Every structure is written in C-alpha cells, then in structure tokens.
Amino acid sequence: MEMETVKLSAIVMRWYPDMIPFLKQDELNSVIVLRDGLSILEPEDAMDIIHYSICEHQNSAYLQ
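Residues numbered from 1 in each chain as written. Predicted model: local features only at pLDDT ≥ 70, side-chain atom pairs only at ≥ 80, totals over all residues. Heavy atoms only, no water.

Leu8, Ile11, Ile32, Leu34, Leu38, Leu41 and Ile49 are the most contacted members of the largest nonpolar core, which totals 14 residues. Ranked by residues supplied to this core, first place goes to helix α1 (residues 8-15) with four residues. (Core = buried A, V, L, I, M, F, W, Y, C linked by side-chain atoms within 4.5 Å. Buried < 20%, exposed > 50% of the residue type's maximum accessible area, 1.4 Å probe, protein only. Helix = DSSP H or I, 4+ residues; strand = E, 2+ residues; numbered from the N terminus.)

This paragraph deals with the confidence of the model for the protein chain. For the protein chain, per-residue confidence averages 90 on the pLDDT scale, and residues scoring 70 or more make up 89% of the total. By mean pLDDT, the top-scoring element of the protein chain is α1 (97), and the lowest-scoring one is helix α3 (residues 43-63) (84). (pLDDT = per-residue confidence, 0-100.)

Attention now goes to α1. At 3.6 residues per turn, the α-helix brings residues three or four places apart onto the same side. If you check which residues of α1 are buried, you get Leu8, Ile11, Val12 and Trp15. Within α1, the buried residues cover an arc of 95° as seen down the axis, which keeps them to one side. (Arc of directions from axis to C-beta.)

Right, dumping it as structure tokens:
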C-alpha cells in the first residue's frame, strides 16, 4: 500500500467524532502522512496520532 496524506479531521471523524468540539481548527487542519493509508489505521493508532498532533500544536504555542 502507498502512503496517504490526510487531514487530522478525517482521522478524528472516522474514529472519534465526539472529539471534534475539543480540537482547534489548526489542529484539525494538520496534514498527516500515513505510511499504509487510512483504511488500515487502527483506533489505537488514530488516538496516538491525535494525541501527538495536540502536543505538537501546544509546543508551537510556547515558541511564539
């Protein structure tokens, strides 16, 4: 399978749509590259990606 590029919002909407109100728009617009594509991503992996993205955006806030 080839790499697939998706927005974090696609991952959240697929596995954890209840989290949408708690994420900022810039977090949802984050571009994520999935090595094996969205179709085989597991819920646990999706949560790890969401968590990492939130942490990355918090780190950026401190640097500004």
